[in-house]
Structures are given as C-alpha cells and as structure tokens.
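# A closer look at the structure
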Amino acid sequence: MEYLIGIQGPDFVLVAADNVAASSIIQMKHDYDKMFKLSEKILLLCVGEAGDTVQFAEYIQKNVQLYKMRNGYELSPSAAANFTRKNLADYLRSRTPYHVNLLLAGYDDTDGPGLYYMDYLSSLAKAPFAAHGYGAYLTLSILDRYYRPDLSRDEAVDLLKKCAEELNKRFILNLPSFTVRLIDKEGIHDLEKLTLGAK
Amino acid sequence: MALEDVCSFKERPVQHKWFSFSSLGDAAIPFPTSDCYNLRCSRLETSENNCGVPLHFFIPPLPHSSSFINTPLSSFCPPKNSMTVQKPFRLAHGTTTLGFIFQGGVIAAADTRASAGGLVACPAVHKITPIHSHLVVTSSGSGADCMLWERILIREIRLYQLRHGHRLSIRATAKLLSSMLHPFKGTEMCVALTLCGWDNGPKLIYVCSDGARLQGDVFSVGSGSPYAYGVLDRELRWSLSKGEAISLAREAVFRATHRDAYSGNNVDLFHITKSLESGNVLFDVVHQSRKSKRGKNKS
C-alpha cells in the first residue's frame, strides 16, 4: 500500500515517499506528505497504522526539537535514529505498541550522510539504500543491481525513477505520485514531485 | 502510552468497569469510593492537561486478553458480571456523509438514517452538528460515540474561546479532537468526523478514532462513501456555483442512499461561508424520487 525509499550517495541522501492516504479501499488524499522534518538536516519518513504514524512521528519530532532547545545543538542523525528506536522498543511490549515503519535520513557534519531503516519491531539498520512497503519487494533488487556508493545526484534520481516505473508497471495498487527530497550539507531540498502517467 | 505516563496510570490498579456519568457538566461530583482513582481524594480528579475532562474518563475498558490473567493486577479484577457492558445489538456504521470545498465555501451533506444491524433505528437523525457559527461536524460511525464526542468538542471549543478570547482555528480543533480520541485507539469506539468550516479560508479536515487526521478538499465517509465518491469525483470543480454545489452534494448522497442499504431517508445539507453560515437546507430524498416516477408516468 504505502511505499518509502531512501538512497544514500557520497554526500547526500535521496528519499521519496508515495502521496496516498488511504482508508480501506478508498484513497482519501492524493497529496499527503509522509515526511517529517526532525531538524535542519534530518527527515523521518513514516508509514504504518493510521493514527500511530502521525502521533509517533510528531512525538519524535518534538523531542528532537526539545533536545536542541535544552542543549543548544542538534541531535546527530545517528543519535536521533537510536532515540527513535529506543522509543519504539519501549512501547513494543506495552499495551499500545506503535505499528510504524520508518526511514530516517540525515546529514551529519562530521560523519556525512546516513540512512537508517527501522521497522515496527524496533529493529535498526544503517543501510546504503532501503525501502518499505509491498513495493520494496519489487524494487530492492533494482537497487541491488544498479546502486553504486559513488552515485551522483542525477544518477540517484534516475535510479529512483527506475524504481517508480517498476512499481507503475508491476504493482497492483496505483501510486500516482511521490514526494522526493534530498538532504545534503546545505539542508533539505524539495525536488520535483515524481508523477507517473498511465502505462 | 505517553498519556499513561503523564497520568501515572501504570502505578495504579486498573479498573475494568466502564463508569458512566449522568452529564458532562457534573465534573465535580465525587465518585463512589470503590473507584481506585479516588481512594485518597473525595473530589473527582481532573487535570489541566486533559482539558478538564475527568481523568477516569480516559480509561477505556480494557480488551479481554489472556496476558492479564497472569499479572498481579488480576487480583483487582472485579468478578465477571461487572465486565464491560454487553452491547444489545451489533453496532453498525451505516451512513453516507460528505464534505467538499469550492469557490463559494464548504458544503457538508449527510443522509439521516440511523441503522442498527438491519433495523432502521431512526429515520431522521442529525448527522451534521454545528459546533460554532463557522464550523460544522459531520459524523459517522457509532451514533452514540459521535454524539458524545460532538458534545465534548463543542464544550472544549467554547471553553477555549472563553479562556483565550479568540476562537480556536479549525486545524487546531482537529488536532485537539484527534488527541482526545487517541487514548481510545484499539477499543471498540468508532468515530469518523469531518470538520467543515471557515477560518481564513475554507477548511475541511477528517478526524477518525483510528487516529487519522487529514486535511483535504473533498471527503466522504461511511458505508455509502464509495458511491458518493463516484458521483462527486466526476463533477466536482472549484468553480461550481452555490446552486450547482448544493445539487451535486444532494445528488451524491442520493446515489449513495440508493445503493447502500444502511444509508437512506433524507439528505441534510449545510453550506458554510465566510459570512454567517447559511443554515440547514433540507431535501427530502424519498419525495424527490417519487416525483421523478410520477413525471415518467405522466409523459
């Protein structure tokens, strides 16, 4: 149903998410943004159960901002990812676990770009590329085949387009458009929305 | 949950019985001493954090799960006959409501049938409730839950206005409502509300007890919503005139009531604009369809 993808380059991270907000068989919204800005250089992409996504993502977002207010500097992407994972883990065995799948993408001034994959069982893995959703089954092999650690930005966007075309061709559900963002040392940049017409 | 930590819920023994109370206004009535929350204080505990709603109100009946049998809390479990109240019939969620934005404001429309399983419990229910002069809420889901939460929302919005001197924006209203509904996620409460209103522009926000909160240009909710979407999506444009928009909304609900067994009877319609809301325009769907039959026979 929902789809997230992240590709890390040598000095940037490219992330994309679909724009559909669905309720059973109905698309309620076609332009829904699933990315949450945690700080100037960190994005959290969040999919999963209806209310849990926004509640959990906003909770993490506000806590990251609170850290900055209290301490005067921002959390690094790695620290933010581990903080997020810890919260997921704490609630996992409570009465109300959060059923959310996440990608956290960020740029650290000392360590460079980073992409972190987290799932609802609170696993955490730093990966050069990652995807969530049923679409991941179709596109991870494309990423395996064509990914190189020294991708340029245009090549990364082309790789993303390849994945979107594959979804358009083979995925049973219609995902007409994707929000695309790029994070580098200058911050978060909005790229052009990726829209695919009918096959 | 985070809210549990704020309320220190985990430290106290859990009550399984769902307490009902006579009216929302009687927040200060002391509770019977069997309420574990009030073992030490005679006044019902409310909290600024919870907007003055009594704290116990946020404790939904716990789901029946075997994991509770082994916990030490089970010693506090009351005997089985005071478990959650049995429902007299299957709660059904039959309805068609819709809302959309166009150049002339916001239209909210809904059918008026309340169904309980296969029975039409009431043919003339108001599913659209005004919250204030520039906001209405359409409700779908469980009728009782919707009525309750509409009342709570009206109260909270009015209290905010009295305390702060200005009206809460519709986006903030939706967020407030969503936060109030969040503790009940996972219980059987089913509430799907669409806030339709005007503040610095037309606003349409869908709030659901699952936790979803979506702002958009057109929403239809309920068992008849796919049928309504079909008609709406074909003809909806920003540049509709007021008359066209009203007739489109009426047509969409009518087609949904035709196909959906759990929607029917009449169509309530509200039009909200920047100036004072133009009020309820009631159309009788049954009579309309009878008219068209008579027209055909004559010709």
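Residues numbered from 1 in each chain as written. Chains lettered and ligands numbered in written order. Predicted model: local features only at pLDDT ≥ 70, side-chain atom pairs only at ≥ 80, totals over all residues. Heavy atoms only, no water.

So the rule is basically this: UniProt positions are given in the numbering used here, feature names are shortened, and annotations may be inferred rather than shown by experiment.
Labelled according to an unreviewed UniProt entry, chain B appears under the name Proteasome subunit beta, originating from Haplochromis burtoni. On record in UniProt, under Subunit (unreviewed entry), the comment for chain B is "Component of the proteasome complex." Quoted verbatim from the Catalytic activity (unreviewed entry) heading of the UniProt record, the comment on chain B is "Cleavage of peptide bonds with very broad specificity."

In the nomenclature of an unreviewed UniProt entry, chain A is known as Proteasome subunit beta of Haplochromis burtoni.

## Observations regarding the UniProt feature "active site" (unreviewed entry) in chain B
Residue and element names in this part refer to chain B. Filter applied, for reference: Starting at the N terminus, helices and strands are each numbered in turn, a helix being any DSSP run of H or I of at least four residues and a strand any DSSP run of E of at least two. Only protein chains enter the accessibility calculation, which uses a 1.4 Å probe; a residue whose area is less than 20% of its type maximum is buried, one above 50% is exposed, and one in between is partly exposed. Contact criterion: two residues are considered in contact whenever any of their non-hydrogen atoms come within 4.5 Å of each other. Two N or O atoms form a polar contact when they lie within 3.5 Å of each other; inside protein one atom must be a possible hydrogen donor and the other a possible acceptor, and for residues adjacent in sequence the pair counts only when both atoms belong to side chains.
In the UniProt entry, the feature "active site" (unreviewed entry) is given for T95. Turning to its location among the elements, T95 is positioned in the loop between α1 (2–6) and β1 (97–102). Assessed through its relative accessible area of 2%, T95 is described here as buried. When sequence neighbours within four positions are dropped, the list of residues in contact with T95 reads D111, K127, S139, S140, V221, G222, S223, G224, D260, Y262 and S263. A polar atom in the side chain of T95 sits 3.0 Å from the side chain of D111.

## Examining the sheet that holds strand β2 (residues 105–111) of chain B
Residue and element names in this part refer to chain B. Stated formally: A pair of strands is treated as paired once DSSP finds two or more bridges between them. Axis angles are defined between N-to-C directions and span 0 to 180 degrees, where every axis is a line fitted to C-alpha atoms and, for a helix, only to the segment in contact.
Across the sheet, which stays open at both edges, the 4 strands sit in the order β10-β1-β2-β11 with antiparallel pairing between neighbours. Among the strands making up the open sheet, the edge pair consists of β10 (218–221) and β11 (267–272). The sheet shows a mean angle of 10° between the axes of neighbouring strands, taken without regard to direction. Strand direction decides the pairing type here: β2 and β11, joined by 6 bridges, are antiparallel. By the bridge assignment for β11, A110 is matched with D268. Helix-sheet contacts for helix α4 (residues 225–235) involve β1 and β10, and the interaxial angle to β10 is about 150°.

## Looking at the pattern of salt bridges
Residues and elements named next belong to chain A. Keep this limit in mind: Salt bridges are defined by distance alone: a side-chain nitrogen of Lys or Arg within 4 Å of a carboxyl oxygen of Asp or Glu.
Counted by the stated rule, this structure contains 22 salt bridges over all chains. Where D90 meets K86, a salt bridge forms, and the shortest distance between an N and an O atom there is 3.1 Å. Taken together, the residues D90 and K86, both in helix α2 (residues 77–92) and 4 residues apart, mark about one turn of the helix. According to the relative accessible area criterion, K86 is partly exposed, its value standing at 43%. The closest approach of N and O atoms between D184 and R153, which form a salt bridge, is 2.7 Å. Taken together, the residues D184 in strand β11 (residues 177–184) and R153 in helix α4 (residues 153–170) connect sequence positions 31 residues apart.

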